[in-house]
Every structure is written in C-alpha cells, then in structure tokens.
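Coordinate analysis (summary)
If you want the building blocks of each chain, they are given just below.
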Protein chains: 2
Amino acid sequence: MDNVRVIEVKRSVFENNDRDADRLRAELKQRGTFLLNLMSSPGSGKTTTLERTIEALSSELRIAVMEADIDSDVDTRRVLAKGVRAIQLHTGGMCHLDADMCRQGVRELGDEQIDLAFLENVGNLVCPAEFDTGASANAMILSVPEGDDKPLKYPLMFQVCNVVLVNKIDVAPYFDFDLDKLRENVAMRNPMARVIPICAKTGEGMDEWYDWLRQQLANWKA
Amino acid sequence: MDNVRVIEVKRSVFENNDRDADRLRAELKQRGTFLLNLMSSPGSGKTTTLERTIEALSSELRIAVMEADIDSDVDTRRVLAKGVRAIQLHTGGMCHLDADMCRQGVRELGDEQIDLAFLENVGNLVCPAEFDTGASANAMILSVPEGDDKPLKYPLMFQVCNVVLVNKIDVAPYFDFDLDKLRENVAMRNPMARVIPICAKTGEGMDEWYDWLRQQLANWKA
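Nothing here was measured: the structure is a model prediction, and the numbers come from that model. (Residues numbered from 1 in each chain as written. Chains lettered and ligands numbered in written order. Predicted model: local features only at pLDDT ≥ 70, side-chain atom pairs only at ≥ 80, totals over all residues. Heavy atoms only, no water.)

**Considering helix α4 (residues 99-108) of chain A**
Because an α-helix completes one turn every 3.6 residues, residues spaced three or four positions apart along the sequence face the same direction. Residue and element names in this part refer to chain A. For the record, the criterion: Only protein chains enter the accessibility calculation, which uses a 1.4 Å probe. A residue is then buried if its area is under 20% of the maximum for its type, exposed if over 50%, and partly exposed in between. Only runs of H or I of at least four residues qualify as helices and only runs of E of at least two qualify as strands under DSSP, and these elements are numbered from the N terminus. Contact between two residues is taken to exist if any of their heavy atoms lie within 4.5 Å; hydrogens are not considered. Within 3.5 Å is the distance limit for a polar contact, defined as a pair of N or O atoms, with the added protein rule that one can donate a hydrogen and the other accept it, and that residues adjacent in sequence qualify only through two side-chain atoms.
Most of α4 sits out of view: eight of its 10 residues are buried. Where α4 is concerned, the buried positions are Ala99, Asp100, Met101, Cys102, Arg103, Gln104, Gly105 and Val106. Where the residues of α4 are buried, they touch β1 (6-8), α1 (17-31), β2 (34-40), β3 (63-69), β4 (85-90) and β5 (116-120). Where α4 starts, the residue carrying a side-chain oxygen 3.2 Å from the main-chain nitrogen of Asp100 turns out to be Asp98. Looking one or two places after α4, you find Gly110, whose phi comes out positive at around 90°.

Pasting the structure below:
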C-alpha cells in the first residue's frame, strides 16, 4: 500500500477556467469517460459513499477515482483497496480544484478506458462550487448531522449540483433533521436537483443513487 | 425580529492582512474587548454552542456576536433571541473573513463596552484558517460525525486554533469516533491546543469551555 500516486496539482496558467472546463469536458466525451464531481463538507461521507458505489458498480463499469486533499492520502488508500485505479491530488493548501488541476489528474489516470471517473473534491461547501472542474455532472453529499438549513447558508453549492445525497440517514432520529424541510430548502435553490436519502455505511437508499448514475451515463452517451 | 442588522462586508483595500489584523488586535485591546474567532465545518454546532455560552456567561460578561454568512440571517436571529448585541456580516460569496472585514463588523457593534465578542466565521475548515481576523484567540468546533481523522486532512485549521471543541459527544456511540485518536491527531498538528469534548445541546462538558474562556480573558487582561 505504499504505492499511492500523489500528484501535486498546480494552478492553471490560463485565467479562463470556464474555457478550460469546457475543453476538458469535450476531451472526456471523446474518450468516453463520464466525470462526476463529488463535493461536501468535511466528514459527510464522500469516501464511504465512493467505496460502496465502487463495490456495486465495478462489475458493470470501469471506474477510476481522483482524490483531492490538501494533505494526506488516507482516502486514496481506502479507494485503492477496492481494486480500482485511484490517484491522490494534493492541492497545496488550495480549497478547491479548478479545471486545469482536474485535467492534470485525468492525465495521470493513464490511457486505459474509464467509463466513470469520480473526482472527490476538497471537503468544503463554499469554494469548490465556484469552479467548474470540467465534470459531466456535479453531486454533493449533505449529512444529516449538518442540518436541514444548509441550502440557506451555502446557496451556490446547491445551485450547481444535479443531485444531493442526504447521507447518514440512519442517525436521523438522534438529530433535529427534517427531510421534508431539507427538500423544500434544496428546491428553493435548485428545483431541478434530485434529493436521495442514503446511508453509505448500511447501504440504505444506495440503489436509487446507482440508478441515477446509470441514467446519467445513458443520457450522456445518447 | 425584522431588525437584524446586515453588513455587506467588503474586501480590504490593503493587501497586508497581517498588518490589519495586528492593528485591529491593538484597537480591541485598547477598548477592552476580547475577540474570539470561532470556526468549524458547516453544521458542527457553532451557533448552538454560542447560544448556550451566552446563556451561561451573559450575567458576568458583556457579550456581542458577529455572524458571518454567505447568505441568510438565521444564525443572527437565534443569537439576538438570547438578548445580546448581534450583527450579520454578509461576505458576498467569500469563503472567509479577513481582518478588515472583521473591523467593519466591530465598528458596527457600536461604542458600548463589550468584554467578549464572538466572531462566528463562515462554515469552512480551509480558507478561514488562512486569514488572521485580528482575534485574540481562535477556537474551532469539530463535531463527532465528521470523524477523528480531520486533523490529517485540514492541518492548518488545527494549527491555528487554541482550543478544539469536540461537539455532539452525545452521539459518539452511533459513530466510529475515537476520542483518544482525535487527541493524538490534534496533538500532531498542534501540541498546545486544548481539546474539550462537549455537547452544546445537552450542556455536557460546557463548564470546562466556560472556564477556558474565563482563563483566556484573565490572562489577556493581565
């Protein structure tokens, strides 16, 4: 397990992140790789969700993971243990990834065919929402302990996401968390966003998430 | 409750944030106001912790609160309901507060004597740690559901904090959270940081936090 590949990603020399993002999206389309940008607060369960998703889908899809972190490679080690290609992107203190940093990661994944690539972004509800990474879709995880009022406070994150996974739904009885209120708050920011309650630890609700992913890939290929 | 004062804080025209921070710190010392910068991930319990702290200490200290948020004023309304002065700082999408933004907030609190001012920073474990706000001390809340590995992933936040409140300790049995491991991880980043397990909802452990605050104020005044 000492062979974690760590890429020190550099800030783009191009100022135009949106242009970079569109170019990367076109390149990924060409090579047939659907890139999902996964965002959340620290500790919401991104890596656990990815681990279980890989277990469920790796027999039908060739999956790879890029783990962005300011420091450490603990997440990449966890994902590698699931038998898929994974690399660590070190952001050098940066609080988000931009499209060019993401491209550096994609290049390091190599030339083998990848159907579905996950970008686990830096744990942060603010800055990652501001930068188009070139991903085909954006997903976020909100965990129950964080509260149902988060769309009020972090509007952009909810606006840019196609799906909101509500994780740790198993502990809902121990928190003041109202799923209907959350749905309402999400809809206020983004009426198109799909809300899927899950428990990545137990597997509850995960089938709906897998079906959503399969549908996204099918639409994207069509 | 419609009279929440909202300040749209602007980015400093000065490039030197450290100089601004030192100047603000000197001004606050002069007026006898201890400023505590409170940071955490979204939903870790900053506002609940402040509500209970105000209840406990407002008979012995004149307290005021500055609530920084990208949007909404829900936190300020909660704090105002506790009967202390509170203002809302809107950061205009910014992911942190700098010293000049903090000074704009302090000015808006007015001329009345304040012994203890809290700055509730934007919920974010990355960017707020990079900017000295001019505060007399830094505190952070890590909640149990976020996990004991966070000092590995967000090193700077743990390095700059004088105290780490480990909140939602009541739900520890439902999560894979090892308090000893957390203490070890915090110590690796910052051997001087005090770690205090609390439950802001039930009050567990809060006396130790109040004593820590009283001690900080006494040392600062001495």
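**Structural notes on the relation of the copies chain B and chain A**
Condition: The atoms used to superpose the copies are C-alpha atoms, taken from residues with pLDDT of at least 70 in both, and the fit is least squares.
Superposition record for chain B on chain A: RMSD 0.0 Å, screw rotation 180°, translation along axis 0.0 Å. Both copies are brought into coincidence by an operation consistent with a two-fold rotation axis. An overlap of 100% is found between the interface residues of chain B and their copies at the interface of chain A, pointing to a shared contact surface.

**Overview of the interface of chain B and chain A**
Rule in force here: Accessible area that two parts lose when put together, evaluated with a 1.4 Å probe and summed over both, is termed the buried area. Any carboxyl oxygen of Asp or Glu that lies within 4 Å of a side-chain nitrogen of Lys or Arg is treated as forming a salt bridge with it. Gly falls in the polar group here, along with every residue not listed as nonpolar (Ala, Val, Leu, Ile, Met, Phe, Trp, Tyr, Cys, Pro) or charged (Asp, Glu, Lys, Arg).
In this assembly, 32 residues from chain B lie in contact with 33 residues from chain A. Together chain B and chain A conceal approximately 2,600 Å² of surface at their shared face, both sides included; 58% is due to carbon and sulfur atoms. Among the residues of chain B in contact with chain A, Pro42, Lys153 and Tyr174 of chain B are the three that bury the most area, contributing 22% of the side total. On inspection of chain B and its partner chain A, the count reaches two salt bridges. Of the charged contacts in the structure, one is a salt bridge between Lys153 of chain A and Asp75 of chain B, with a shortest N-O distance of 2.8 Å. Remark: the boundary between chain B and chain A carries seven residue pairs in polar contact (both at pLDDT 80 or more). Secondary structure elements with two or more residues in the side of chain B that touches chain A: α3 (74-80) and α5 (150-153) of chain B. Looking at side-chain class alone, the side of chain B that touches chain A contains 15 nonpolar, six polar and 11 charged residues.

**Structural notes on the packing of helix α1 (residues 17-31) of chain B against helix α4 (residues 99-108) of chain B**
Residues and elements named next belong to chain B. Under the convention used in this document: Helix axes are fitted to C-alpha atoms over the stretch in contact, other axes to C-alpha atoms as well, and angles between N-to-C directions run from 0 to 180 degrees. Orientation labels follow simple angle bins: below 35 degrees gives roughly parallel, above 145 gives roughly antiparallel, 65 to 115 gives roughly perpendicular, and whatever is left gives oblique. Two helices crossing with the near one rotated counterclockwise from the far one by less than a right angle form a left-handed crossing, whereas a clockwise rotation gives a right-handed crossing.
Orientation of α1 relative to α4, taken along the N-to-C sense of each, is 30°, at an axis distance of 8 Å. When the axes of α1 and α4 are compared, the pair comes out roughly parallel. Once α1 is placed against α4, the crossing between them reads as left-handed. Of the residues in α4, those touching α1 at Asn17, Asp20, Ala21, Arg23, Leu24, Glu27, Leu28 and Arg31 are Ala99, Asp100, Cys102, Arg103 and Val106. Residues of the contact of α1 with α4, tallied by class, amount to six nonpolar, one polar and six charged.

**Things to note about the sheet that holds strand β8 (residues 194-197) of chain A**
Residue and element names in this part refer to chain A. The test is simple: Strands qualify as paired when DSSP identifies two bridges or more between them.
Taken in spatial order, the eight strands line up as β1-β4-β3-β5-β2-β6-β7-β8 in an open sheet, and their pairing is parallel. Strands at the two margins of the open sheet, each flanked by one partner only, are β1 and β8. Between one strand axis and the next, the sheet turns through 25° on average, direction left out of account. Direction of pairing for β1 relative to β4: parallel, over a ladder of three bridges. For Glu8, the partnering residue across the bridge sits in β4 and is His90.

Without other data, these values stay purely geometric and don't point to any function.
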